[in-house]
Amino acid sequence: MESGKREEAGPSASVSTLVREEKKQEKMMNQKEEDEGFDYEEEGFDEMDQENKRVFENFNPGPLLPLKEQIEKDKEDESLRRWKEKLLGCLESDLNGQMEPEVKFQSIGIISSDFGELNSPLPITEDQSKRVLFSLREGSDYRLKLTFTVLHNIVSGLAYTNTVWKSGLQVDQSKGMLGTFAPQRESYVHTLEEETTPAGVLARGIYTAKLKFEDDDKRCHMELDYSFEIRKRS
């Protein structure tokens, strides 16, 4: 695809956008049941995914607006007004005009069939980051679990990059999208995609990793350095 002018969007992560995204996701969930048995790869959906990825990379978010201003918009749209009340009504008394969204990560956990679930509060100290945060057996399936809150404004397109090194050499990197989140008093809990540890003599040992979270506007909300161990399956 030839590179062209980057697309301009409206206000970054507006409430209206969030409402439409919620409705779209609901519609997609209803459609999912009708799509069972459909061979997406055979029908060329893999190429469509690549095209969507290129469009996403060229997306340029518009200016950020205070949440209070976003709530005041589209008042004439009764459907949007009801959805805004549902999503944000409990927070209107907390609005302070701050534009920048803030994501506070409270804990990181790991879920594995080896030991169930382990959780560590965040942030961790520099000394803790050098110690082994968790140990897994080779060939084990596991998932990272994060608890966080969103303050002040909607955070749009929160995504993560997890980079792993062994003996100073990068051996893996995974990326994923968490989504768009409105501010609320309750914490969000999100589980990342399942990963499988490598197996074999060379795979065993201590690994270092960096987990980074950014939004559509390239704001970095957390960088977490941690270490883990892969041990022999007994």
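About the thresholds
- Starting from 1, residues in each chain are numbered consecutively following that chain's sequence as written.
- Confidence filtering applies because this is a predicted model: local features only for residues at pLDDT of at least 70, side-chain atom pairs given and counted only at 80 or more, and all residues used for totals across whole chains, interfaces and linings.
- To obtain the side-chain values, all non-hydrogen atoms of the structure were used and water was disregarded.
- UniProt positions are given in the numbering used here, feature names are shortened, and annotations may be inferred rather than shown by experiment.
- Secondary structure elements are taken from DSSP: a helix is a run of H or I of four residues or more, a strand is a run of E of two residues or more, and numbering for both begins at the N terminus.
- Each residue is placed in one exposure class: buried if its accessible area under a 1.4 Å probe, protein chains only, is under 20% of its type's maximum, exposed if it is over 50%, and partly exposed if it falls in between.
- Two residues qualify as a contact provided that any one of their heavy atoms is within 4.5 Å of a heavy atom in the partner residue.
- In this analysis the probe radius is 1.4 Å and the grid spacing 1 Å, with only protein atoms considered; a cavity is a set of points the probe fits into but cannot get out of, a pocket is an open set with protein on both sides within 12 Å along at least five of seven lines, and lining residues have an atom within 4 Å of a point.
- Grid points are joined across faces, edges and corners, and a volume is the space filled by probe spheres set on the points.
- We call Asp, Glu, Lys and Arg charged. Ala, Val, Leu, Ile, Met, Phe, Trp, Tyr, Cys and Pro are nonpolar, and the rest, Gly among them, are polar.

The name an unreviewed UniProt entry gives the chain is Rho GDP-dissociation inhibitor 1, with Forsythia ovata as the organism. In its Subcellular location (unreviewed entry) section, UniProt records this for the chain: "Cytoplasm". Taken directly from UniProt, the Sequence similarities (unreviewed entry) text for the chain runs: "Belongs to the Rho GDI family."

**What about the side chain of Asn 162?**
Position of Asn 162 relative to the elements: it lies in strand β7 (residues 155-166). Taking relative accessible area as the criterion, Asn 162 reaches 6% and is therefore assigned buried. Leave out the neighbours within four places in its chain, and Asn 162 touches Leu 144, Asp 172, Gln 173, Ser 174, Ala 209, Lys 210, Leu 211 and Tyr 226.

**A closer look at the environment of Val 201**
By the secondary structure assignment, Val 201 is in the loop between β10 (195-196) and β11 (205-214). Overall, the relative accessible area of 64% leaves Val 201 in the exposed class. Along the chain, Val 201 and Glu 138 lie 63 residues apart, while their C-alpha atoms are 9.3 Å from each other.

**Quick look at empty space enclosed by the protein**
Across all of its chains, the model carries two cavities of 30 Å³ or more by this definition. For the largest cavity, the calculated volume is near 50 Å³. Tyr 142, Leu 144, Tyr 160, Asn 162, Ser 174, Leu 192, Glu 193 and Glu 195 are the residues that line the largest cavity. For the lining of the largest cavity, the residue count by class is four nonpolar, two polar and two charged. For the second largest cavity, the calculated volume is near 30 Å³. Lining the second largest cavity are Phe 134, Tyr 142, Leu 144, Asn 162, Val 164, Tyr 226 and Phe 228. When residues of the lining of the second largest cavity are traced back to their parent elements, those giving at least two are β6 (141-151), β7 and β12 (220-231). Considered class by class, the residues forming the lining of the second largest cavity number six nonpolar, one polar and no charged.

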